[in-house]
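Coordinate inspection notes
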Amino acid sequence: TRRKPLGVVLVGGPGVGSAVDAFNLNATYFESKGVPVLGALFNKLSLEGFYSLENCKKEISLYFSQNNHQIRHGRKPFGFCPLFPKMGGKDAMDHVHDFIRIFGDHVDMDLLLHRAAEIQHLYTSGSKLQLASSEPASKRQKVSEKRFRTRQEIENAAIGAGAAPSA
C-alpha cells in the first residue's frame, strides 16, 4: 500500500518578500505531490534593523492571516527564530542546548503539534484533504502520476497562491 504523507513544515529564511515567495513555491511543489503543508518556521532573523525578527514576524503573520489560500489550508507560521551565529562554528555542539532553548522560546510547538495531529486525524479518518486546487473538480485536469510539472507550471501555481512573480 502507498504511504500516506504526514505533512511537512517548511523552513524559511530571513526577510519578508523572499521568505513568503520561497514558502509559496515550495508549498506548491509539495501540494503537487499530494503532501500537506502544515505551515512554516522562519529562521536566521536579525534582532535589529528593517528586517528584524519583530518586523518580519508582523508582516509574515499578517500575510498568513489574510491570504485565502493559506487560510483554506490551515497553514500558520509556527515560529520566528533569531540568528544564532554560534551554531556555525567548529564548537557548534557546545552550544546546542542554548539553541534548543532559543528555539523553544520562539516556536509555538503546541500549535505545530496540534496542526500535525489534525492532519493525521484527517488521514486516519478517511477524509480527503483538498491540497492543491481551489477549482471545482469538473474544471481540474486529470494528471497521470508519472507527469512532472515544469518549473514554470510550479511558479505559476505559486503566483496563483499569492507569491510575487520572480524577477
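Our structure is the block above this text.
Note that the coordinates shown come from a computational prediction; the quantities given were computed from them, not determined experimentally.

Calculation notes
Residues numbered from 1 in each chain as written. Predicted model: local features only at pLDDT ≥ 70, side-chain atom pairs only at ≥ 80, totals over all residues. Heavy atoms only, no water. Buried < 20%, exposed > 50% of the residue type's maximum accessible area, 1.4 Å probe, protein only. Helix = DSSP H or I, 4+ residues; strand = E, 2+ residues; numbered from the N terminus. Right-handed = clockwise from strand over helix to strand, strands pointing away. Contact = heavy atoms within 4.5 Å. Core = buried A, V, L, I, M, F, W, Y, C linked by side-chain atoms within 4.5 Å.

Of the two faces of strand β1 (residues 8-12), the one lined by Val8, Leu10 and Gly12 is fully buried and the one lined by Val9 and Val11 carries no buried residue. Between the parallel pair β1 and strand β2 (residues 37-45), the chain is carried across by helix α1 (residues 17-32), and the sense of this crossover is right-handed.

Right, let's talk about the environment of Phe78 for a bit. As for its placement among the helices and strands, Phe78 is situated in strand β3 (residues 76-82). Classification of Phe78 by relative accessible area gives buried; the value is 2%. Taking the C-alpha atoms as reference, Phe78 lies 8.2 Å from Phe42; in sequence the two are 36 residues apart. The residues touching Phe78, leaving out its near neighbours within four places in the chain, are Val9, Leu38, Gly39, Ala40, Leu41, His106, Val107, Asp108, Leu111, Leu112 and Arg115.

With that settled, consider the nonpolar core. Among the nonpolar cores identified, the biggest contains 17 residues, and Phe23, Phe42, Ile60 and Phe64 are the most heavily contacted of them. Put simply, the parts of the chain that give this core at least two residues each are β1, α1, β2 and α2 (53-66). With five residues, α2 is the single largest residue contributor to this core. Among all residues touching Ile60, those that are not within four sequence positions of it are Gly15, Val16, Ala19, Val20, Phe42 and Phe80. Core analysis: the next-biggest nonpolar cluster, separate from the first, contains eight residues, Leu41, Val107, Leu112 and Ile119 among them.

No statement about biological role is implied by the geometric values presented.
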